[in-house]
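Here are the chains, one letter per residue:
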Amino acid sequence: MSETIDFTPLTAADREPIARLLHRALVHWYESRLGQGERFGDSHDPFTLFPDVYEALDPGECVTARTASGEIIGVCFSHERETHVAIGIVATAPDAGGRGIAKNMVSLVLVKARRLGKPARLVSSLLNLDSFSLYTRLGFVPGALFQDMLITVPGNGLLAAAPTGIEQVREAVWADVPRLADFEQALQGIRREKDFTCFIRNEIGAWRVLVSEAADGSVNGFLAMSIHPSCTMIGPGVAADEKTALRLLWKALDGLRDKTLVFLVPCAATTVVRSAYAWGARNVELHVAQSTAPVTGAKGIVFPTFLPESS
Ligand SMILES: CC(C)(COP(=O)(O)OP(=O)(O)OC[C@H]1O[C@@H](n2cnc3c(N)ncnc32)[C@H](O)[C@@H]1OP(=O)(O)O)[C@@H](O)C(=O)NCCC(=O)NCCS
């Protein structure tokens, strides 16, 4: 890079330029590589939700790249959690690509993670060799595979009847926050209580959280979802087994009638995947969990998301 680029935190004033950058970078990349730019719509407005959510969770943690004149040409969403540092969407302005900007931004997050003694985690697209390579060159190791499934929920609900045991699923309440965090930590080895606090406090009006309880009252699954008009998406969530995952997913979709949305499910969760096909879902992308220090022995069925990233 010949010109000077500054790598600085995101501020409240960056909301609009960041939304424009995200929209432009995603449309450009997906249109030029896959002919799928239309997936991201024709307005940057919905993308203001990303800086809004991240700044509500962890003000000042995301990294931007700026030219000497102050133009934002890169962003890397990130935040520190109890057990790890999570990385969300990374984007470089199309005309600034290939100059190491994304690498610099992610490297800054990795420096922070090393300083904190925590692994860094993310979920990356398998259709996007640029980002897959960016992360693996920086030391991330791919793990579980997920399929992104697109579904339009009919106005009168899913064609399939509710799975048996659906009565185990209810809306989460404030007292569930530490229970969800404990449950995820026991199964997945990661903890992010602050996210659950943010979802249930719901100041942005973007979230709904379902929880499932076993007969003895213990948590055996939960599923959050973004219900904001700018982004309808299911996740994050974890379930102890496929039956519980299916109940949570059915209940979440049943509450999203007339909506078209994407959810990610583990490719290995064959019962959930087959049910989703039967409900009319179609694959639109593949993602892989990546970490600088994969958790060994993780259990359960995971539903990742991108808002906020849920690695
Ligand atoms: C993906 C994206 C962020 C990359 O940004 P960028 O600033 O152009 O990336 P960089 O210039 O920092 O280069 C990334 C690294 O990946 C490497 N790389 C890219 N493609 C590669 C390949 N096929 N094999 C090996 N390495 C590859 C580059 O060589 C570079 O590493 P190096 O500097 O050690 O050589 C950018 O294309 C973008 O914004 N895309 C749209 C948004 C998006 O899809 N984001 C990712 C998912 S959230």
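Residues numbered from 1 in each chain as written. Predicted model: local features only at pLDDT ≥ 70, side-chain atom pairs only at ≥ 80, totals over all residues. Heavy atoms only, no water.

1. Let's talk about the site of the ligand
Right, on to step 1. Around the ligand there are 20 residues in total, and Val 90, Thr 92, Gly 98, Gly 100 and Asn 128 lie nearest to it.
Right, on to step 2. The separation between an oxygen atom of the ligand and a polar main-chain atom of Ala 102 is 3.1 Å.
Right, on to step 3. Contact with the protein chains removes 74% of the 970 Å² of surface that the ligand exposes when unbound.
Right, on to step 4. Looking at the shell around the ligand, the elements with two or more residues in it are helix H1 (15-34), strand S4 (85-92), helix H3 (101-116) and helix H4 (129-137).
Right, on to step 5. The leading source of residues in the shell around the ligand is H4, at five residues.
Right, on to step 6. Broken down by class, the residue content of the shell around the ligand amounts to nine nonpolar, seven polar and four charged. (Near = heavy atom within 4 Å. Polar contact = N/O pair within 3.5 Å; in protein donor to acceptor, adjacent residues only side chain to side chain. Areas by Shrake-Rupley, 256 points an atom, 1.4 Å probe, with all protein chains shown as cover. Helix = DSSP H or I, 4+ residues; strand = E, 2+ residues; numbered from the N terminus. Nonpolar A, V, L, I, M, F, W, Y, C, P; charged D, E, K, R; others polar.)

2. Focus: the environment of Ala 215
Right, on to step 1. With respect to the helices, strands and loops of the structure, Ala 215 is situated in the loop between strand S8 (207-213) and strand S9 (219-228).
Right, on to step 2. Note: C-alpha distance between Ala 215 and Gln 168 (47 residues apart in sequence) is 8.1 Å.

3. Focus on the packing of helix H5 (residues 177-188) against helix H6 (residues 193-201)
Two packed helices can be described by the angle between their axes and the distance between those axes.
Right, on to step 1. Between H5 and H6, the least distance of the axes is 9 Å, while the angle of their chain directions is 140 degrees. Seen along the crossing, H5 lies across H6 with a hand that is right-handed. Counted together, Val 177, Pro 178, Leu 180, Ala 181 and Glu 184 of H5 and Glu 193, Phe 196, Thr 197 and Ile 200 of H6 form the full contact between these two elements. (Axes fitted to C-alpha atoms, helices over the stretch in contact; angles between N-to-C directions. Left-handed = near helix turned anticlockwise from the far one by under 90°. Contact = heavy atoms within 4.5 Å.)

4. A short note on a nonpolar patch on the surface
Right, on to step 1. Taken together, the side chains of Leu 126, Leu 145 and Leu 286 define a hydrophobic patch exposed on the protein surface, amounting to about 230 Å² of accessible area.
Right, on to step 2. Along the polypeptide, Leu 286 turns up in strand S12 (residues 282-291).
Right, on to step 3. According to the relative accessible area criterion, Leu 286 is partly exposed, its value standing at 37%. (Patch = residues over 30% accessible without salt bridge, like charges linked within 9 Å, V, L, I, M, F, W, Y side chains within 5 Å. Salt bridge = Lys/Arg side-chain N within 4 Å of Asp/Glu carboxyl O. Buried < 20%, exposed > 50% of the residue type's maximum accessible area, 1.4 Å probe, protein only.)

5. Side note on the packing of aromatic side chains
Right, on to step 1. Under the counting rule described, the total for this entry stands at 10 aromatic pairs.
Right, on to step 2. With 6.2 Å between their ring centres and 45 degrees between their planes, Phe 50 and Phe 77 make a pair best called tilted. Of this pair, Phe 50 sits in helix H2 (residues 49-57) while Phe 77 sits in strand S3 (residues 72-80); the two residues are 27 residues apart in sequence, bridging distant segments of the chain. No difference in accessibility class separates Phe 50 from Phe 77, as the two residues are buried.
Right, on to step 3. Through a chain of ring-to-ring contacts, three or more aromatic side chains come together here, namely Phe 183, Phe 196, Phe 199, Trp 207 and Phe 222. (Phe/Tyr/Trp six-rings, centres within 6.5 Å; stacked < 30°, edge-to-face > 60°.)

6. Some thoughts on the pairing of S4
Right, on to step 1. Counted residue by residue, S4 has eight buried out of eight residues, so it is predominantly covered.
Right, on to step 2. Hairpin connection from S3 to S4: four residues lie between these consecutive antiparallel strands.
Right, on to step 3. Two strands pair when backbone bridges link them, and S4 and strand S5 (residues 120-125) are joined in this way by two bridges, in the parallel orientation. When the sheet's bridge partners are listed, Val 85 is paired in S5 with Ala 120.
Right, on to step 4. Viewed along the sheet, the connection from S4 through H3 into S5 turns out right-handed. (Pairing = 2+ DSSP bridges. Right-handed = clockwise from strand over helix to strand, strands pointing away.)

7. What about the domain arrangement of the protein chain?
Right, on to step 1. Parsing the protein chain into structural domains produces domain 1 (6-118) and domain 2 (146-303).
Right, on to step 2. Taken together, the contact pairs 16 residues of domain 1 with 17 residues of domain 2.
Right, on to step 3. The junction of domain 1 with domain 2 conceals about 1400 Å² of combined surface from both sides, 60% of it contributed by carbon and sulfur atoms.
Right, on to step 4. The interface formed by domain 1 and domain 2 holds three salt bridges in total.
Right, on to step 5. Counting across the interface, domain 1 meets domain 2 through seven residue pairs in polar contact (both at pLDDT 80 or more).
Right, on to step 6. When residues of the side of domain 1 that touches domain 2 are traced back to their parent elements, those giving at least two are H2 and S3.
Right, on to step 7. Counted by class, the side of domain 1 that touches domain 2 contains seven nonpolar, three polar and six charged residues. (Domains from an automatic or database assignment. Buried area = accessible area lost by both parts, 1.4 Å probe.)

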